[in-house]
Amino acid sequence: MPPAPPPPTIVLVHGAFTDASSWAKVIGLLHAAGSAVRAPANPLRGLTQDAAHLRSVLRGIDAPVVLVGHGYGGAVITHAATDADNVVALCYVAAFGLDAGECVLDILSRFPPVPGADAAFTAGLPAPLPDGPDTELYVSEEQFPQVYAADLPPHVGKVMSVTQRPITHTALTSRSGPPAWASKPSWYAIATADRMLNPTAQRFMAQRMAATEYLLDGSHGLVLSQPDAVVAMIREAAGQGTGRSAGDALRHPF
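The model shown is predicted, which means the values in this text are computed figures rather than measured ones.

Parameters and conventions
Residues numbered from 1 in each chain as written. Predicted model: local features only at pLDDT ≥ 70, side-chain atom pairs only at ≥ 80, totals over all residues. Heavy atoms only, no water. Pairing = 2+ DSSP bridges. Helix = DSSP H or I, 4+ residues; strand = E, 2+ residues; numbered from the N terminus. Axes fitted to C-alpha atoms, helices over the stretch in contact; angles between N-to-C directions. Contact = heavy atoms within 4.5 Å. Salt bridge = Lys/Arg side-chain N within 4 Å of Asp/Glu carboxyl O. Buried < 20%, exposed > 50% of the residue type's maximum accessible area, 1.4 Å probe, protein only. 1 Å grid on protein atoms, 1.4 Å probe; cavity = no way out; pocket = protein on both sides within 12 Å on 5 of 7 lines; lining within 4 Å. Points joined across faces, edges and corners; volume = space filled by probe spheres on them. Nonpolar A, V, L, I, M, F, W, Y, C, P; charged D, E, K, R; others polar. Right-handed = clockwise from strand over helix to strand, strands pointing away. Core = buried A, V, L, I, M, F, W, Y, C linked by side-chain atoms within 4.5 Å.

Colleague: Lay out the sheet that holds strand β4 (residues 87–93) with the relevant residues and their values.
Modeller: Sheets are built from strands paired through backbone hydrogen bonds, the pairs being either parallel or antiparallel. The six strands lie next to each other as β2-β1-β3-β4-β8-β9, forming an open sheet whose pairing is parallel. At either end of the open sheet lies a strand with only one pairing partner, and these are β2 (36–38) and β9 (212–216). When strand polarity is set aside, the average angle formed by the axes of neighbouring strands in this sheet is 20°. When strand β1 (residues 9–13) meets β2, the two strands line up parallel, connected through three bridges. Within β2, the position partnered with threonine 9 by the bridge is alanine 36. Against the sheet, helix α1 (residues 24–32) makes contact with β1 and β2, and its axis sits at roughly 180° relative to β1, the strand it touches most.

Right, here's the structure in full:
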């Protein structure tokens, strides 16, 4: 019999207004399951630049990869993974799964606005770099807990609001290339109480990519509020993507 494929490395890509620490609970559960995990910083500077950065991370991993994107991170994995041979599965968590030629704003404008649209504002950089962005998008500190993390304790949402990482307008208007989900199996966790990305838009993108759907009653901060469910989805993707049983791919700790 041929040897079993090596266990996958899970690469977690965060979205806008947060950083890799948003994956903390998911990482803890994956480590407990014996999985190798990477959670690189997503620059949030523009889709082309962000995808190029992720590709450089993927090239350094000598193992199958399950690529997981949250929010805008979904747009990045979609754009970055098309030609990444070691990526065996894609997981989207309340994320943008763009089609070729599409941008984040196309999706946002196609569906009724959610409260997060009114909470966002633009701020200028105090000292913009040459050829760099001169404005960035933030979420109001006062509204952040309600629109981003309504199912998390208020103090957690408050900390997230003051540590948020902004995203450039360029990242929202950059056009995606051929989508990785067209050639790789995909899973999608739909946050049914999301106030940042319309759940109807999430369902549209999940069905368009023929993803295996997980319906989760949670906010956009799903990776922190329901890490067990997110890990269950990743575990299923890891098992099917590598041809191993789910129990072999990731030993479920609960």
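Colleague: Report on the pattern of salt bridges, specifying residues and quantitative values.
Modeller: As enumerated under the stated definition, the model contains five salt bridges in all. Here glutamate 102 and arginine 110 are joined by a salt bridge, their closest N and O atoms 2.9 Å apart. Using a relative accessible area of 6% as the deciding quantity, one classes glutamate 102 as buried. With its nearest N and O atoms 2.8 Å apart, the salt bridge here joins arginine 208 to glutamate 102.

Colleague: Describe the layout of surface pockets, and please don't skip the residues or the numbers.
Modeller: Its volume calculated, the largest pocket comes out at about 470 Å³. Lining the largest pocket we find 27 residues, and of these Phe17, Phe96, Val104, Leu108 and Met196 sit closest to its centre. In terms of residue count, helix α4 (residues 104–110) provides more of the lining of the largest pocket than any other element does, four residues in total. Considered class by class, the residues forming the lining of the largest pocket number 21 nonpolar, six polar and no charged. The computed volume of the second largest pocket comes to approximately 190 Å³. Contributing to the lining of the second largest pocket are 13 residues, with Ser21, Val159, Met160, Thr163 and Leu224 lying nearest its centre.

Colleague: Please give an account of the pairing of strand β8 (residues 186–191) that cites residues and values.
Modeller: Most of β8 is tucked away: six of the six residues are buried. Of the two faces of β8, the one carrying Ser186, Tyr188 and Ile190 and the one carrying Trp187, Ala189 and Ala191 are both buried. Relative to β9, β8 runs parallel, the two being bridged by five bridges. Opposite alanine 189, over in β9, you have tyrosine 214 as the bridge partner. A crossover links β8 with its parallel partner β9, the connecting element being helix α9 (residues 199–208), and its sense is right-handed.

Colleague: Please give an account of empty space enclosed by the protein that cites residues and values.
Modeller: Counted according to the given criterion, the structure contains one cavity of 30 Å³ or more. The volume enclosed by the largest cavity comes to roughly 50 Å³. Forming the walls of the largest cavity are Val13, Pro40, Ala41, Asn42, Asp50, His53, Leu54 and Val76. No other element matches the three residues that helix α2 (residues 47–59) contributes to the lining of the largest cavity. Here the residues of the lining of the largest cavity sort into five nonpolar, two polar and one charged.

Colleague: Can you break down the nonpolar core residue by residue, with the values?
Modeller: Counting 83 residues, the largest nonpolar core has Leu12, Val66, Leu67, Tyr72 and Ile234 as its most contacted members. Residue contacts for valine 66: discarding those within four places in its chain leaves Pro8, Thr9, Ile10, Val11, Val88, Ala89, Cys91, Ile234, Ala237 and Ala238.

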